[in-house]
Number of protein chains: 2
Amino acid sequence: MFRLSRGAEYAIRGLLYLAMQPEGKISFIEEISIAQEVPKAYLAKIFQTLGKKGFVKSYRGPDGGFVLTKPASEISLLDAIEALEGPIHFNDCLIHEGYCHRDEMCPIHDVWMTAQKQFLSVLTGTNFTILAEAARVKAAKKTDRLKEAKCKQN
Amino acid sequence: MFRLSRGAEYAIRGLLYLAMQPEGKISFIEEISIAQEVPKAYLAKIFQTLGKKGFVKSYRGPDGGFVLTKPASEISLLDAIEALEGPIHFNDCLIHEGYCHRDEMCPIHDVWMTAQKQFLSVLTGTNFTILAEAARVKAAKKTDRLKEAKCKQN
DNA sequence: ATTAATCGGACTAACATGGTCTCAATTATC
DNA sequence: GATAATTGAGACCATGTTAGTCCGATTAAT
Ligand code: SF4
Ligand code: SF4
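Notes on the structure follow. No experiment lies behind these values; they were computed from the predicted model shown.

## A look at the interface of chain A and chain B
Next up, step 1: Between chain A and chain B, the residue contacts involve 45 residues of the former and 45 residues of the latter.
Next up, step 2: Buried surface at the junction of chain A and chain B, summed over both partners, amounts to about 4,200 Å²; 58% is from carbon and sulfur atoms.
Next up, step 3: Contact with chain B buries area across many residues of chain A, yet Phe2(A), Arg102(A) and Lys138(A) alone supply 17% of it, more than any other trio.
Next up, step 4: Here chain A is connected to chain B by nine salt bridges.
Next up, step 5: We note a salt bridge from Arg3(B) to Asp92(A), for which the minimum N-O separation is 3.5 Å.
Next up, step 6: Inspection of the region where chain A meets chain B yields 23 residue pairs in polar contact (both at pLDDT 80 or more).
Next up, step 7: Those elements giving two or more residues to the side of chain A that touches chain B turn out to be helix H1 (6-20), helix H2 (29-36), helix H4 (77-85), helix H5 (107-124) and helix H6 (128-153) of chain A.
Next up, step 8: If you tally residues by element for the side of chain A that touches chain B, the top one is H5(A), at twelve residues.
Next up, step 9: For the side of chain A that touches chain B, a count of residues per class yields 23 nonpolar, eight polar and 14 charged.

See below:
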């Protein structure tokens, strides 16, 4: 179906939130879920798998929560997605050479290969510092637009 | 899940088969299903939707079967896939501008946009004459390899 | 009439998705 | 030490999608 799962989408939003916090600040699930508009219970489950995969560290008890375990620059968008969805293969024949016995005579195989390669390179080329920075820029632009609109009203 | 559905895979194989036949030759389901290793009954259903979408024309009765309605060069890989799976959107926010109200402040949105654009351009850039030609080249190479191997044995 | 093919749709089993809910464990604070 | 806030683990569930099968109706060539 070529569509990002909801779970992965939420994982990305969650990690992005952490990446935008001051270094080392502990954020708890409710805070993230409200800011990023993700169902709290679901987000909690997602962060558990994110924890198991080693992207976040958790603290229990009051004032507990989550922080990133690595610098945001070392977590790519692909990492986040694959943590939730598992490895990406556009078609079965891309799981490994010879998985589909038709691949050596199949002209479609190669198309999938290049398509997937390009796709993955976009996702690996984007990490969470880039995203956090882009978010700040976009937010600034948005407030600019709002100010401008207000100006015109007067 | 970012994976091609079985149905679309079969549709592509079926269309490729038709594209490789001499112009205007009628092929029937069983023939295609054997050549392309697709479950016959399933392929039959797939060809019905392919018919409704206007890619193939059908003839009933004995000696009936299917032919392409347009030149193979005018059917892109994307056409084939979307005929079976419906339109492709990597993420909900790509359905249309504003579908996700976060898109104007979301840094991830733009990444999906470029990723999807690239992906679609690969699929639209590949049509069934290209594929048919590539198939012939690959087949030739394969028989070459076999001959070579036989040579070495002696 | 027989036969070979598509047409149309009902039906199914298995799996994936997108959650919720509950209870247990941990820990800061009073 | 009691309380409260937080994560941890996992059972549970409703719904939708996938990948088919199967059957009876229709069409047309012989
Ligand atoms: S695209 Fe070709 S190689 Fe890949 S699964 Fe389909 S038939 Fe096999
Ligand atoms: S990527 Fe951003 S804009 Fe797209 S659906 Fe997720 S939050 Fe919305």
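## Looking at H1(A)
An α-helix turns once every 3.6 residues. As a result, residues three or four positions apart point the same way.
Next up, step 1: Between the first and last C-alpha of H1(A) there are 21 Å, a value that for 15 residues agrees with the 21 Å anticipated at 1.5 Å per step.
Next up, step 2: Counting buried residues along H1(A), 13 of its 15 residues qualify, which places the element largely inside the surrounding structure.

## Quick word on the protein's contact with DNA strand D
Next up, step 1: Near DNA strand D there are 25 residues, and of these Met1(A), Ser58(A), Arg60(A), Arg6(B) and Tyr42(B) occur at the shortest range.
Next up, step 2: Here DNA strand D approaches the protein such that, of its atoms within 4 Å, sugar and phosphate make up 67%.
Next up, step 3: Separating a phosphate oxygen of DNA strand D from a backbone N or O atom of Ile29(A) is a distance of 2.9 Å.
Next up, step 4: Contacts to DNA strand D include Arg3(B), whose side-chain N or O atom sits 3.2 Å from a phosphate oxygen.
Next up, step 5: Of all the elements in the fold, those that place two or more residues in the surface near DNA strand D are helix H3 (40-52), strand S1 (56-59) and strand S2 (65-68) of chain A together with helix H1 (6-20) and helix H3 (40-52) of chain B.
Next up, step 6: When its residues are assigned to classes, the surface near DNA strand D shows eleven nonpolar, eight polar and six charged.

## Overview of the protein's contact with DNA strand C
Next up, step 1: The local shell around DNA strand C holds 25 residues, among which Tyr42(A), Pro62(A), Met1(B), Ser58(B) and Arg60(B) are the closest.
Next up, step 2: Put simply, 70% of the atoms of DNA strand C that lie within 4 Å of the protein are in sugar or phosphate.
Next up, step 3: A distance of 3.2 Å is found between a sugar or linking oxygen of DNA strand C and a side-chain nitrogen or oxygen belonging to Arg60(A).
Next up, step 4: Contributions of two or more residues to the surface near DNA strand C are made by H1 and H3 of chain A together with strand S1 (56-59) and strand S2 (65-68) of chain B.
Next up, step 5: Here the residues of the surface near DNA strand C are counted per class, giving eleven nonpolar, eight polar and six charged.

## Digging into the site of ligand 2
Next up, step 1: Around ligand 2, the neighbouring residues are Glu9(A), Arg13(A), Asn91(B), Cys93(B), Cys100(B), Arg102(B), Asp103(B), Cys106(B), Ile108(B), His109(B) and Trp112(B).
Next up, step 2: Looking at the residues close to ligand 2, they fall on chains A and B.
Next up, step 3: Of all elements in the fold, only H1 of chain A together with helix H5 (107-124) of chain B reach the threshold of two or more residues within the shell around ligand 2.
Next up, step 4: Partitioning the shell around ligand 2 into residue classes produces five nonpolar, two polar and four charged.

## Remarks on H3(B)
All names here are of chain B.
Next up, step 1: When the terminal C-alpha atoms of H3 are compared, their 19 Å separation across 13 residues agrees well with the 18 Å that a helix rising 1.5 Å per residue should span.
Next up, step 2: Within the sequence span of H3, burial applies to Leu43, Ile46, Phe47 and Leu50. Projected down its long axis, H3 carries its buried residues within an arc of 100 degrees, all on one side. Away from the buried face of H3 by more than 90 degrees, exposed residues Ala41, Lys45, Gln48 and Lys52 are located.

## Considering the pairing of S2(B)
Residue and element names in this part refer to chain B.
Next up, step 1: Relative to S2, S1 runs antiparallel, the two being bridged by four bridges. Bridging across to S2, serine 58 finds its partner in phenylalanine 66.
Next up, step 2: Here S1 folds back onto S2, and the loop between the two strands holds five residues, one of which, glycine 61, carries a positive phi near 80 degrees.

## Brief notes about the side chain of Asn127(A)
Residue and element names in this part refer to chain A.
Next up, step 1: Structurally, asparagine 127 is set in the loop between H5 and H6.
Next up, step 2: Within the local environment of asparagine 127, its side chain forms a polar contact with the backbone oxygen of serine 73, the two atoms lying 3.3 Å apart.
Next up, step 3: Reaching out from asparagine 127, the side chain makes a polar contact with the side chain of threonine 129 at a distance of 2.8 Å.
Next up, step 4: Not counting residues up to four positions away in its chain, the partners in contact with asparagine 127 are Ala72, Ser73, Ile75 and Ser76.

Here is what the cut-offs are and how they apply
Residues numbered from 1 in each chain as written. Chains lettered and ligands numbered in written order. Predicted model: local features only at pLDDT ≥ 70, side-chain atom pairs only at ≥ 80, totals over all residues. Heavy atoms only, no water. Contact = heavy atoms within 4.5 Å. Buried area = accessible area lost by both parts, 1.4 Å probe. Salt bridge = Lys/Arg side-chain N within 4 Å of Asp/Glu carboxyl O. Polar contact = N/O pair within 3.5 Å; in protein donor to acceptor, adjacent residues only side chain to side chain. Helix = DSSP H or I, 4+ residues; strand = E, 2+ residues; numbered from the N terminus. Nonpolar A, V, L, I, M, F, W, Y, C, P; charged D, E, K, R; others polar. Expected span 1.5 Å × (residues − 1). Buried < 20%, exposed > 50% of the residue type's maximum accessible area, 1.4 Å probe, protein only. Near = heavy atom within 4 Å. Arc of directions from axis to C-beta. Pairing = 2+ DSSP bridges.

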